[in-house]
Amino acid sequence: MNIELEAEHFDAFYGEMAHLDIAMHKRMDPTESIILLPGHLGEGYVKQIKLPNGMELGLCRMTLHQPLVMDVGIRYPHMELAFSTQGSGTWCERGRNQERSLASGTGSLIYMNDAVFHAEQFANEPIDHMELRIDFARFRHLLGELPWRLEDRFYCKQSSISPAVHHILEEIKSCPYGGSIKRLFLEGKSLELLALLLDDAEAGGEAAACAAFSWRKEDIRSLHLARDILSRSWREPPGLLQLARKVGLNDFKLKRGFKELFGTTVFGYVRQLRMQQARELLEQGGANVTEAAYLVGYSNISHFSALFRKTFGCHPREYVKHWRAVNE
């Protein structure tokens, strides 16, 4: 059974989310609200934060017991940045055959106008997703530098989340401030994200954006299956050829598709899972840096520390110090 939501715009979508059976809707202040999922549908929350200059952050951390199917109407020029650091699913402009991935490690720069956004979020795995929605009227002065025109119906550029972008996402999630200072901090970080993705779009070109992530639904599901297998077996992952046979793809298609859909190689994804597990061990206080490295499969502490810094933007000891200062 699917959870199905349909709304005419994003504010209405959040209203529909708030009325999912007995979902709990908390308004923290006039600019921030949080929706807690009811237990029979899943665990976690969706947070909405309104920022100055017509920007709005949406943060989603949850695990669904049933797939979530969404249809949201976009009746006005709409610009959005979307980042998935965990979870998987698919999305498209309704009515088009080109389906795109909601995959771990991917970021998207999206423009839609008079269209319907259709998305399917898969169940039974953690979802960590962030969206920055932008009132395009406030940023029309950028039109000369954007890879689309105002009258265009749809544009999307997807790419892997760079270390610089990942670091900003982590700063947003662990914002240590409150009140108006919090909104000022989040506005600044949001503008940083916008600048980075616009620069990437300008460098990448529209042709690459249109070519990326254009796969048949069967291929996408096989690639997600490969990702699920790695998620369960990252301590002792199968070899590339063995994994390809398990999911019914040849090794070339597996390597190419995995890189395009998830923004990393097969073994890069395993490395990412190990880094996430190491971070959780450090946050929970269950291990020091050396112990965490050994527990996730690294005997060389310097190599582990370099990978951790590349993934999260700082040395593991600095990360622990900052995390404790924010959460204690």
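Please refer to the structure placed before this passage.
Residues numbered from 1 in each chain as written. Predicted model: local features only at pLDDT ≥ 70, side-chain atom pairs only at ≥ 80, totals over all residues. Heavy atoms only, no water.

### Details of the overall build of the chain
Right, on to step 1. Helix and strand counts for the chain come out as 11 helices and 13 strands.
Right, on to step 2. Taking all 328 residues of the chain together, 53% fall into the buried category.
Right, on to step 3. The contacts in the chain between residues at least 6 apart in sequence include a share of 68% that link residues at least 24 apart.
Right, on to step 4. In the form shown here, the chain has an accessible surface area of approximately 15600 Å², with 51% of it arising from carbon and sulfur atoms. (Helix = DSSP H or I, 4+ residues; strand = E, 2+ residues; numbered from the N terminus. Buried < 20%, exposed > 50% of the residue type's maximum accessible area, 1.4 Å probe, protein only. Contact = heavy atoms within 4.5 Å. Areas by Shrake-Rupley, 256 points an atom, 1.4 Å probe, with all protein chains shown as cover.)

### What about the pattern of salt bridges?
Right, on to step 1. On inspection of all chains with the given rule, the structure shows 18 salt bridges.
Right, on to step 2. Between Glu125 and Arg227 there is a salt bridge, and its shortest N-O distance comes to 3.1 Å. Here Glu125 is found in the loop between strand S11 (115–121) and strand S12 (126–135), whereas its partner Arg227 is found in helix H5 (residues 217–233), with 102 residues between them in sequence.
Right, on to step 3. We classify Arg227 as buried; its relative accessible area is 3%. (Salt bridge = Lys/Arg side-chain N within 4 Å of Asp/Glu carboxyl O.)

### Details of unusual backbone geometry
Right, on to step 1. Its identity is not glycine, yet Asn53 carries a phi of approximately 60°, on the positive side.
Right, on to step 2. Looking at the element boundaries, Asn53 is found in the loop between strand S4 (42–51) and strand S5 (55–64).
Right, on to step 3. With phi around 65°, Asn124 is a residue other than glycine that occupies positive phi space.
Right, on to step 4. For Asn124, the location among the structural elements is in the loop between S11 and S12.

### Comments concerning the pairing of S4
Right, on to step 1. Note that strand S3 (residues 32–36) and S4 share 5 bridges and pair antiparallel. Opposite Glu32, over in S4, you have Ile49 as the bridge partner.
Right, on to step 2. Where S3 folds back onto S4 in an antiparallel hairpin, the turn is made up of 5 residues.
Right, on to step 3. Where S4 and S5 come together, 10 bridges link them in antiparallel fashion. Residue pairing in the sheet places Ile49 in a bridge with Leu57 of S5.
Right, on to step 4. Adjacent in sequence and paired antiparallel, S4 and S5 are bridged by 3 residues, among which Asn53 carries a positive phi angle near 60°. (Pairing = 2+ DSSP bridges.)

### Here we look at helix H10 (residues 301–312)
Note that an α-helix has 3.6 residues per turn; residues three or four places apart therefore point the same way.
Right, on to step 1. Its 12 residues give H10 an end-to-end C-alpha distance of 16 Å, which sits within 8% of 16 Å, the value for a rise of 1.5 Å per residue.
Right, on to step 2. One side-chain oxygen of the residue at the start of H10 lies 3.0 Å from the amide nitrogen of Ser302, identifying that residue as Asn300.
Right, on to step 3. Just past H10, the residue Gly313 takes up positive phi, approximately 90°. (Expected span 1.5 Å × (residues − 1). Polar contact = N/O pair within 3.5 Å; in protein donor to acceptor, adjacent residues only side chain to side chain.)

### Observations concerning the nonpolar core
Right, on to step 1. One finds Leu254 and Phe304 to be the most contacted residues of the largest nonpolar core, which totals 37 residues.
Right, on to step 2. Broken down by secondary-structure element, the contributors of at least two residues to this core are H5, helix H6 (240–247), helix H7 (251–262), helix H8 (266–284), helix H9 (289–295), H10 and helix H11 (316–327).
Right, on to step 3. Broken down by element, this core gets its largest block of residues, 8 residues, from H8.
Right, on to step 4. Ignoring sequence-local partners within four residues, the contact set of Phe304 consists of Met275, Ala278, Val289, Ala293, Val296, Tyr298 and Pro316. (Core = buried A, V, L, I, M, F, W, Y, C linked by side-chain atoms within 4.5 Å.)

### Quick notes on the packing of aromatic side chains
Right, on to step 1. With the rule as written, the count across this model stands at 11 aromatic pairs.
Right, on to step 2. When the centroid spacing of 6.1 Å and the interplanar angle of 55° are considered together, the rings of Trp91 and Phe154 count as tilted. Here Trp91, found in strand S8 (residues 88–93), pairs with Phe154, found in strand S13 (residues 154–160); they are 63 residues apart in sequence, far enough to count as distant.
Right, on to step 3. Overall, Trp91 belongs to the buried group, its relative accessible area being 2%.
Right, on to step 4. The exposure class assigned to Phe154 is buried, which follows from its relative accessible area of 12%. (Phe/Tyr/Trp six-rings, centres within 6.5 Å; stacked < 30°, edge-to-face > 60°.)

### Considering the packing of H8 against H10
Right, on to step 1. Running from amino to carboxyl end, H8 crosses H10 at an angle of 95°, the nearest separation of the two axes being 10 Å. On the basis of the axis angle, H8 is roughly perpendicular to H10. Contacts from Arg271, Met275, Gln276, Ala278, Arg279 and Leu282 of H8 reach H10 at Phe304, Leu307, Phe308, Thr311 and Phe312.
Right, on to step 2. Split by residue class, the contact of H8 with H10 holds 7 nonpolar, 2 polar and 2 charged. (Axes fitted to C-alpha atoms, helices over the stretch in contact; angles between N-to-C directions. Parallel < 35°, antiparallel > 145°, perpendicular 65-115°, else oblique. Nonpolar A, V, L, I, M, F, W, Y, C, P; charged D, E, K, R; others polar.)

### So, the pairing of S12
Right, on to step 1. In terms of burial, S12 is largely enclosed, as 8 of its 10 residues are buried.
Right, on to step 2. Pairing geometry for S5 and S12, over 9 bridges, is antiparallel. Its bridge partner lying in S12, Gly58 is registered against Glu131.
Right, on to step 3. Pairing between strand S7 (residues 78–86) and S12: 8 bridges, direction antiparallel. For Phe83, the partnering residue across the bridge sits in S12 and is Met130.

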